Amino acid sequence: TTRNVTVCFLTPDDKSPLSDQDIKVLSSTATAIRLAADIVDRPRNEMTCDDLVKCAVKIGQDLGVDVTVISGEQLKEQGFGGIYGVGKAAESPPALCVLSHKPPGASKTIAWCGKGIMYDTG
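Each value, and the rule that gives it
- Residues numbered from 1 in each chain as written.
- Predicted model: local features only at pLDDT ≥ 70, side-chain atom pairs only at ≥ 80, totals over all residues.
- Heavy atoms only, no water.
- Helix = DSSP H or I, 4+ residues; strand = E, 2+ residues; numbered from the N terminus.
- Rg over C-alpha atoms; globule rule 2.2 N^0.38 Å.
- Buried < 20%, exposed > 50% of the residue type's maximum accessible area, 1.4 Å probe, protein only.
- Contact = heavy atoms within 4.5 Å.
- Expected span 1.5 Å × (residues − 1).
- Salt bridge = Lys/Arg side-chain N within 4 Å of Asp/Glu carboxyl O.

Draft legend 1. Here's a closer look at the overall build of the protein chain. When you go through the protein chain residue by residue, the secondary structure sums to four helices and two strands. Put simply, the protein chain runs from its N terminus to its C terminus through helices and strands in the order α-α-β-α-α-β. At 18 Å, the protein chain has a C-alpha radius of gyration far larger than the 14 Å of a compact globule built from 122 residues. Its C-alpha atoms give the protein chain principal-axis dimensions of roughly 55 × 40 × 25 Å. Put simply, the protein chain has 122 residues, and 16% of those count as buried. Long-range contacts, defined as pairs at least 24 residues apart, comprise 56% of the intrachain contacts of the protein chain with a sequence gap of at least 6.

Draft legend 2. Expanded view of helix α1 (residues 20–41). In this model, α1 (22 residues) spans 32 Å end to end at C-alpha, consistent with the 32 Å of a helix rising 1.5 Å per residue. For α1, the set of buried residues is Ala-30, Ala-37 and Ile-39. Structurally, α1 contributes buried residues whose contacts are with α2 (49–63).

Draft legend 3. Fine view of α2. With 15 residues, α2 should cover 21 Å at 1.5 Å per step; its first-to-last C-alpha distance of 21 Å lies within 8% of that length. On its buried face, α2 is in contact with α1, β1 (66–71) and β2 (95–100). Directly after α2, the chain includes Gly-64, whose backbone phi takes a positive value near 75 degrees.

Draft legend 4. Examining the pattern of salt bridges more closely. Counted under the stated rule, the structure contains two salt bridges. Arg-42 is the salt-bridge partner of Asp-38, the closest N and O atoms lying 2.8 Å from each other. A salt bridge links Asp-62 to Lys-58; the nearest nitrogen and oxygen atoms lie 2.7 Å apart. Of this pair, Asp-62 and Lys-58 both sit in helix α2, four residues apart, which is roughly one turn of the helix.

Draft legend 5. Expanded view of the environment of Ile-83. Take Ile-83: it is sitting in helix α4 (residues 81–87). With relative accessibility at 33%, the residue Ile-83 sits in the partly exposed group. As a C-alpha pair, Ile-83 and Leu-96 span 13 residues in sequence and 8.0 Å in three-dimensional space. Not counting residues within four places of it along the chain, the set of residues in contact with Ile-83 comprises Leu-75, Pro-94, Ala-95 and Leu-96.

Draft legend 6. Region of interest: the environment of Asp-41. Along the chain, the position of Asp-41 falls in helix α1. With 29 residues separating them along the chain, Asp-41 and Ile-70 place their C-alpha atoms 24 Å apart.

Draft legend 7. Spatial organisation of the side chain of Ser-92. With respect to the secondary-structure elements, Ser-92 resides in the loop between α4 and β2. When sequence neighbours within four positions are dropped, the list of residues in contact with Ser-92 reads Thr-48, Cys-49, Asp-50 and Gly-87.

This is the structure:
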């Protein structure tokens, strides 16, 4: 099933035109929002944890960023007992995907976090 997702941005009404860079950033952001909506709206039988990992790895490769996947027993061993405990009975093992971008000369660290529940919460 295909559906359209429209993303709108409100900009200050200072009558200044948006720069090409502004438009590029807003376009990239809208694309990312639409992708996230597509991923989270898929039913469990179409987006398993394995599928989500594949999707995260592809996105990371497309963006040229580092991708780290911690899954199954590795989660428990590395202190992610909550993720491990909740997902260990699932058909595909639970996983944590980390996409990292470390540009040279960066002076700030920014982290965006999200989680997905890959089972029927009833």
